[in-house]
Amino acid sequence: MSPAMWTLLLALAAAPVVTWLGTAGINWTARAVARLPSPQVACFAAGFANLGGLVVLFLVLQPTGSNRRELLAGIFFMSAYGFCVTFLNWFVFTVTDTSMHVHLLVEIGHEPEITFEELTHRYNKKSIIAARIPRLLQLGQLRLDHGRLYLTGSWVLASAVALRFLRRLLGLRPRPPQEDTAPASIDHARGSHGLPLSRR
Amino acid sequence: MESALFWGLATFGACWLVHWGVWRVRAPKGYLVWLPTIFWILPLGCTALFWASRDRLPPTETDWFVWILAALLHVMVSSCYICGYAGITEYSPSAEVLLAVREHMPRGVPANELRVRSFTEYCLTGRRIEDLRSSGLVAVHDGRLHLTRRGGFVLALSRVYRVLVGVEPTGRG
C-alpha cells in the first residue's frame, strides 16, 4: 500500500484516541483557567474538530485532478466515520455521567449493605428528573425565565422522536410505561428475591 | 473511496435488515449478545464463506485498502447503533422532561409545577437493580444490596475514566 493509504488508515485507527485526548484537553484547560468545564460540549467540540481534521487530511492526500465523485465519496466517508467517533466518545462519557445503572452502582458503592428502601429514598424519580433539568438548561434545550421553563433547543427532542420511530419499526413500545399503569412483571420480580421493587 | 463507502454502508444495511427481521419475529432480551452477533460475527462469517467457496485471484493492495476502509466504517456505524440501542430500549428521562415541557408551549411551565407522568419508580430504579443483579454487578443478602467484585471493578473503571477526562469522579445520574 502507498504511504498515503497507510497515513489514512493510521489516522482513522487513531481517531477515537485523538478525540478522547481532545476532550480531556478541553476539560483540563477549562479547569486550569478556573472555568466550569461543560463536558458534553467538550465531547462534541473535540469530536467535530477531529472530523474536520480527517476531511482535511483526506483532501490533502488526494492526488491533483482526482475524480469529483471519488472526492465527494471520500468527504462523505470521512464525515460519517468522524461523526461515529464523536458519537461514541460522547456516549462513553454519558454512560459515566447520566447512566442510571452507573449511578445506582455509585449509591450502592457509597454505602455497602444498603436496603432497597434507603436506595430509592436517595435515588428516585424526583431526584433523577431534578438532575436532568440543569443539564438540559446547560445544553440549551430548555430556558428558565422568571421561574418558567420553555423549550428552546431541538436536537435532544428530535433524537427522542427518531428513537420513538425506531421503536415502532422494531415492534417495541414507543413510550415508557405511564405512572398509572403498573408493569405486569412487578409481582413476578418481587417474588423472585423478596425486594419491594415497585412503589405504586 | 466510493467502493469502501458503498460496501461499508451496504454491509451495515444488510445486517440491520437481519436485525429488523429477528426483532419483528420476537425481540430477544439479551441484545448485548444478539446485536454483536448480527452486526459483527454474521458479516465476518459471510465473508469467510464467500472466500472459501470459490477460487479467486489474490486481492491487490487496493482491494485490501477498500476492504479495511469498508470494515472500519461498518464497525464504527454498527458500534454506534449497538450503543445507541440502549437509548431505544431504555427511554431517556431527559427526553421525557422535554416532551412534558412541550405540552405547555408556548406559555411555558413553572419549574416547580412540572409533572413528568411517564416512567414508574419500577421502570426507573427497580428494573435497573434487576438488570444489575442479573449481570452480576450487585448481589442481595438478607434484603440488603451490595456491590460484587465485578460491580466494584466497573465502578472503579468509571471513576478512573472520569478523572482522566478531567471531570468529577462521579456523575449526577
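What you are looking at is a predicted structure, and each value in this text was computed from that prediction instead of being measured.

Asker: It is not clear to me how the overall build of chain A should be interpreted in this structure. Could you clarify?
Answerer: For chain A, the helix and strand inventory stands at eight helices and three strands. Order of helices (α) and strands (β) in chain A, N terminus to C terminus: α-α-α-α-β-α-α-β-β-α-α. When each of the 200 residues of chain A is scored for burial, the buried share is 44%. Contacts in chain A between residues at least 24 apart in sequence constitute 47% of all its contacts with a sequence separation of at least 6. Carbon and sulfur atoms make up 66% of the accessible area of chain A, which amounts to about 10,300 Å² in all.

Asker: Please clarify how the pairing of strand 2 (residues 138-141) of chain B should be interpreted in this entry.
Answerer: Across a regular strand the side chains alternate sides, sitting on one face of the sheet and then on the other. Note that strand 2 of chain B and strand 3 (residues 144-147) of chain B share four bridges and pair antiparallel. Of the residues in strand 3 of chain B, the one forming a bridge with His141 of chain B is Arg144 of chain B.

Asker: Got a minute to help me understand the environment of Gly126 of chain B in this structure?
Answerer: By the secondary structure assignment, Gly126 of chain B is in helix 5 (residues 121-134). Separated by 93 residues in sequence, Gly126 of chain B and Val33 of chain B have C-alpha atoms that sit 23 Å apart.

Asker: Explain the interface of chain B and chain A here, please?
Answerer: One widely used convention gives an interface's size as the accessible area the parts lose upon coming together. Between chain B and chain A, the contact holds 90 residues from the first and 101 residues from the second. Taking both partners together, chain B and chain A bury about 8,800 Å²; carbon and sulfur atoms supply 71% of that area. Where chain B packs against chain A, one counts two salt bridges. The closest approach of N and O atoms between Arg69 of chain A and Glu2 of chain B, which form a salt bridge, is 2.3 Å. Linking chain B with chain A are 19 residue pairs in polar contact (both at pLDDT 80 or more). Elements represented by at least two residues in the side of chain B that touches chain A include exactly helix 1 (2-25), helix 3 (61-90), helix 4 (93-102), strand 1 (109-110), helix 5, strand 2, strand 3 and helix 6 (149-164) of chain B. Broken down by element, the side of chain B that touches chain A gets its largest block of residues, 19 residues, from helix 3 of chain B. Here the side of chain B that touches chain A is composed, by residue class, of 52 nonpolar, 20 polar and 18 charged. Inspection of the sheet shows strand 1 (residues 114-115) of chain A paired to strand 3 of chain B by two bridges, in the antiparallel sense. Residue pairing across strands places Ile114 of chain A opposite Leu145 of chain B, the latter belonging to strand 3 of chain B.

Asker: I would appreciate a short explanation of the domain arrangement of chain A in the present structure.
Answerer: Residue and element names in this part refer to chain A. Here the domain parsing of chain A yields domain 1 (3-98) and domain 2 (101-172). Once you take the C-alpha centre of each, domain 1 and domain 2 turn out to be 27 Å apart. Residue-level contacts link seven residues of domain 1 with six residues of domain 2. In total, about 580 Å² of surface goes out of reach between domain 1 and domain 2, with carbon and sulfur atoms giving 58% of it. With its nearest N and O atoms 3.9 Å apart, the salt bridge here joins Asp97 to Arg135. Counting across the domain 1 and domain 2 interface gives zero residue pairs in polar contact (both at pLDDT 80 or more). Those elements that provide at least two residues to the side of domain 1 that touches domain 2 are helix 2 (39-61) and helix 3 (68-98). Element by element, the count of residues in the side of domain 1 that touches domain 2 is highest for helix 3, at four residues. Across the side of domain 1 that touches domain 2, the residue classes tally to two nonpolar, four polar and one charged.

Asker: Which parts of the structure should I look at to understand unusual backbone geometry?
Answerer: Most peptide bonds take the trans configuration, and most residues that are not glycine carry a negative phi. A cis amide bond links Met105 of chain B to the next residue, Pro106 of chain B, at an omega of 10°. Inspection of the secondary structure puts Pro106 of chain B in the loop between helix 4 and strand 1. Its identity is not glycine, yet His146 of chain A carries a phi of approximately 50°, on the positive side. Taking relative accessible area as the criterion, His146 of chain A reaches 78% and is therefore assigned exposed.

What counts, and at which threshold
Residues numbered from 1 in each chain as written. Chains lettered and ligands numbered in written order. Predicted model: local features only at pLDDT ≥ 70, side-chain atom pairs only at ≥ 80, totals over all residues. Heavy atoms only, no water. Helix = DSSP H or I, 4+ residues; strand = E, 2+ residues; numbered from the N terminus. Buried < 20%, exposed > 50% of the residue type's maximum accessible area, 1.4 Å probe, protein only. Contact = heavy atoms within 4.5 Å. Areas by Shrake-Rupley, 256 points an atom, 1.4 Å probe, with all protein chains shown as cover. Pairing = 2+ DSSP bridges. Buried area = accessible area lost by both parts, 1.4 Å probe. Salt bridge = Lys/Arg side-chain N within 4 Å of Asp/Glu carboxyl O. Polar contact = N/O pair within 3.5 Å; in protein donor to acceptor, adjacent residues only side chain to side chain. Nonpolar A, V, L, I, M, F, W, Y, C, P; charged D, E, K, R; others polar. Domains from an automatic or database assignment.

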